[in-house]
Amino acid sequence: MADRVTVIGWDGSPLTAAARSALSAATLVAGAAHHLALPEVPPDAERIRLGSVDLAARRIAGHRGTAVVLADGDPGFFGVVRTLRAPEYGLEIEVVPAVSAVAAAFARAGMPWEDARVVVAHQRTLRRAVNVCRAHPKVAVLTSPGAGPAELALLLDGVHRTFVVCEELGTDREQVSVLTSDKAADHVWRDPNVVLVIGGGTGAVPPGGAWLTGQDPAARPVRGWGLPIEEYAPQGYGPASPAAGPAPDAAAPGGARTTAGEDPALRAAQLARLGPRVGDLVWDIGCAGGAFAVEAARFGAAVIAVDADPDACARTEAAARRHGVLLQAVRGRAPHVLESLPEPDVVRVAGGGVPVVTACADRRPERIVAHASTRDEAEAVGAALADGGYAVESLLLQTVGLDPSDWSERERSVVFLLSGRRPGSP
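Residues numbered from 1 in each chain as written. Predicted model: local features only at pLDDT ≥ 70, side-chain atom pairs only at ≥ 80, totals over all residues. Heavy atoms only, no water.

Asks: When you look at the sheet that holds strand 3 (residues 46-49) in this model, what are you seeing that I'm missing?
Replies: Working definition: the strands of a sheet are paired by backbone hydrogen bonds and lie parallel or antiparallel to each other. The five strands lie next to each other as 3-2-4-1-5, forming an open sheet whose pairing is parallel. On the outer flanks of this sheet lie strand 3 and strand 5 (93-96), each paired with one strand and no other. Mean inter-strand twist for the sheet, computed between neighbouring axes without regard to direction, equals 20°. Where strand 2 (residues 28-31) and strand 4 (residues 66-72) come together, three bridges link them in parallel fashion. Considered in strand 4, the bridge of Val29 is made with Val68. On the sheet, helix 1 (residues 17-24) packs against strand 1 (4-10), strand 2, strand 4 and strand 5 and is oriented at approximately 135° with respect to strand 1. (Pairing = 2+ DSSP bridges. Helix = DSSP H or I, 4+ residues; strand = E, 2+ residues; numbered from the N terminus. Axes fitted to C-alpha atoms, helices over the stretch in contact; angles between N-to-C directions. Contact = heavy atoms within 4.5 Å.)

Asks: Please explain the packing of aromatic side chains as it appears in this structure.
Replies: How two aromatic rings sit relative to each other is given by the distance of their centres and the angle of their planes. In total, this model carries three aromatic pairs according to the counting rule given. Here the aromatic rings of Phe106 and Trp113 are separated by 5.9 Å at their centres, their planes lie at 5°, and the arrangement is stacked. Residue Phe106 is classed as buried on the basis of its relative accessible area, which comes to 0%. With relative accessibility at 31%, the residue Trp113 sits in the partly exposed group. One Lys or Arg, Arg298, reaches over the ring of Trp225 and ends 4.4 Å from the middle of that ring. (Phe/Tyr/Trp six-rings, centres within 6.5 Å; stacked < 30°, edge-to-face > 60°. Buried < 20%, exposed > 50% of the residue type's maximum accessible area, 1.4 Å probe, protein only. Lys NZ or Arg CZ within 6 Å of the ring centre and 35° of its normal.)

Asks: Looking at this structure, how should I read the nonpolar core?
Replies: Inside soluble globular proteins, nonpolar side chains tend to come together where they are buried. Counting 28 residues, the largest nonpolar core has Trp283, Ile285, Leu338, Val349, Cys360 and Ile368 as the members making the most contacts within it. Mapped by element, the contributors of at least two residues to this core are strand 13 (281-285), strand 14 (302-307), strand 16 (346-349), helix 12 (353-362), strand 17 (367-372), helix 13 (375-387) and strand 19 (408-421). Leave out the neighbours within four places in its chain, and Trp283 touches Ile304, Leu338, Leu341, Pro342, Pro344, Val346, Val347, Arg348, Cys360 and Arg363. In this structure, Val119, Leu156, Phe163 and Val195 belong to the second largest nonpolar core, which totals 22 residues. (Core = buried A, V, L, I, M, F, W, Y, C linked by side-chain atoms within 4.5 Å.)

Asks: So what exactly am I meant to see when it comes to the pairing of strand 16 here?
Replies: If a strand is regular, its side chains alternate between the two faces of the sheet. Here strand 16 shows two buried faces, one formed by Val346 and Arg348 and the other by Val347 and Val349. Alignment of strand 13 against strand 16, held across four bridges, turns out to be parallel. Bridged to Asp284 within strand 16 is Arg348. Where strand 16 meets strand 17, four bridges bridge the pair, whose relative direction is parallel. Residue Val347 lies in a different strand from strand 17, and its bridge partner there is Ile368.

Asks: Even after reading the chapter, I still don't get the side chain of Glu168, so can you show me in this structure?
Replies: Along the polypeptide, Glu168 turns up in the loop between strand 8 (162-167) and strand 9 (175-180). A distance of 2.4 Å separates polar atoms of two side chains, one belonging to Glu168 and the other to Arg190. Residue contacts for Glu168: discarding those within four places in its chain leaves Arg173, Glu174, Arg190, Asp191 and Pro192. (Polar contact = N/O pair within 3.5 Å; in protein donor to acceptor, adjacent residues only side chain to side chain.)

Asks: Just to check I follow, could you spell out the side chain of Arg267 for this structure?
Replies: Examined against the element boundaries, Arg267 turns out to sit in helix 9 (residues 264-274). Relative accessible area serves as the criterion here: at 1%, Arg267 is assigned to the buried category. Other than its neighbours up to four places away in sequence, Arg267 contacts Gly226, Leu227, Ile229, Tyr232, Glu262, Ala291, Phe292 and Glu295.

Asks: Is there a simple way to explain the pattern of salt bridges in this structure?
Replies: When the charged atoms of two side chains with opposite charge come close together, those side chains can pair. One pass over the full model with this rule turns up 15 salt bridges. The shortest N-O distance in the salt bridge between Glu409 and Arg412 comes to 2.5 Å. One connected set of salt bridges, linked through shared partners, spans Arg127, Arg128, Arg277, Asp280 and Asp345. (Salt bridge = Lys/Arg side-chain N within 4 Å of Asp/Glu carboxyl O.)

Asks: Sorry, what's going on with helix 11 (residues 310-323) here?
Replies: Residues three or four positions apart in an α-helix share a direction because the helix packs 3.6 residues into each turn. Between its first and last C-alpha atoms helix 11 spans 20 Å; for 14 residues at 1.5 Å apiece the expected length is 20 Å, and the two agree. For helix 11, the complete set of buried residues consists of Ala312, Cys313, Arg315, Thr316, Ala319, Ala320 and His323. The buried residues of helix 11 occupy an angular sector of 160° when projected down its axis, which confines them to one face. Contacts from the buried residues of helix 11 go to helix 10 (291-298), strand 14 and strand 15 (328-331). Between the side-chain oxygen of the N-cap and the backbone nitrogen of Asp311 there are 3.0 Å, and the N-cap of helix 11 in question is Asp309. Taken from the residues just after helix 11, Gly324 is the one with a positive phi, measuring 70°. (Expected span 1.5 Å × (residues − 1). Arc of directions from axis to C-beta.)

Asks: Any chance you could explain the environment of Thr27 here in plain terms?
Replies: Mapped onto the elements, Thr27 comes out in the loop between helix 1 and strand 2. Separated by 37 residues in sequence, Thr27 and Arg64 place their C-alpha atoms 8.5 Å apart. Other than its neighbours up to four places away in sequence, Thr27 contacts Ala45, Glu46, His63, Arg64, Gly65 and Thr66. Polar side-chain contacts of Thr27 include one of 2.7 Å to the side chain of His63.

Okay, structure coming up:
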């Protein structure tokens, strides 16, 4: 086993005294080609080209002597330190950090970044990284070959963002480019690069300043979930949307009209079964006033809200602005409009019945929820989910609003909740 392993971060600036001292005593040095070419690397040290960190860790574990691992930026931030510290290698690690690529990128842009999300984009995680960029106004993306600025831009089709692309930070070939996301796919970008994805305009900071990295939930104006309709439609829903489910059957306080499908208790149950989370893409089909879409976005998920009624899309966008979240509203009639949408992780169907449920099941999201106002409709939707290969749960939900002054009934909602879970999904 190596006597000592020092991990040195390098950001292009001259090495510190501690880093030079560790390198001068090294009998094995691992790193990328540009690291191994540094003049401070001892000429007689064994050299390992750092491709697979796992393979390098095994070589280091079997080495008798003093090892140094060179890495770009801060090696403890999405870097090699996590792998090298795995218990199976039994390595004692000392870290000499440098400025991380993310910190350097925001410094080049002259922007604060305590409110930013940071994601890593590999080919297997690219879609989830893009979903974070859809849902959050400030995201730093650590890219990789095949999952770079061009691929990010292509998957963000229809969502306007500004890209700050930082190529080869800390080298004499460093270049920083600022452009809109629709232009980024037209370029060939050099690796390594970091992309800052900026836009949406909802990065509110609470009074007194930031105290938490990432977006601060306290900066949003409302606490709680399953909120009453008037929180999203203070002026009322207006005409019923053809894609928003059944016709109105109850009046909500404050004049906002609701349907069985818009009952807050049903919405809360749907959210509980879908479990939207950061990195997910949620489809809300028949978004009506945007209550479900906004609450899903408040969990950190990316949301595409679909409705055939342009007024419903406008109301949803207005509700998102009031609640400080980002989402994309798409006007169109399901199931046809769904063909052009990116792959969902979870889906809520508020209108369109069996044809829409079937079309959603064909896209294989992890979970689907729908509702029905009659038993016959519920049985048909449940059968469509089962035919699509989903395990189906069916519930009859009844909620009764009471006047607390005399406990008289104020409004009532009775609805069937159908939820489908794809076997093997988390």
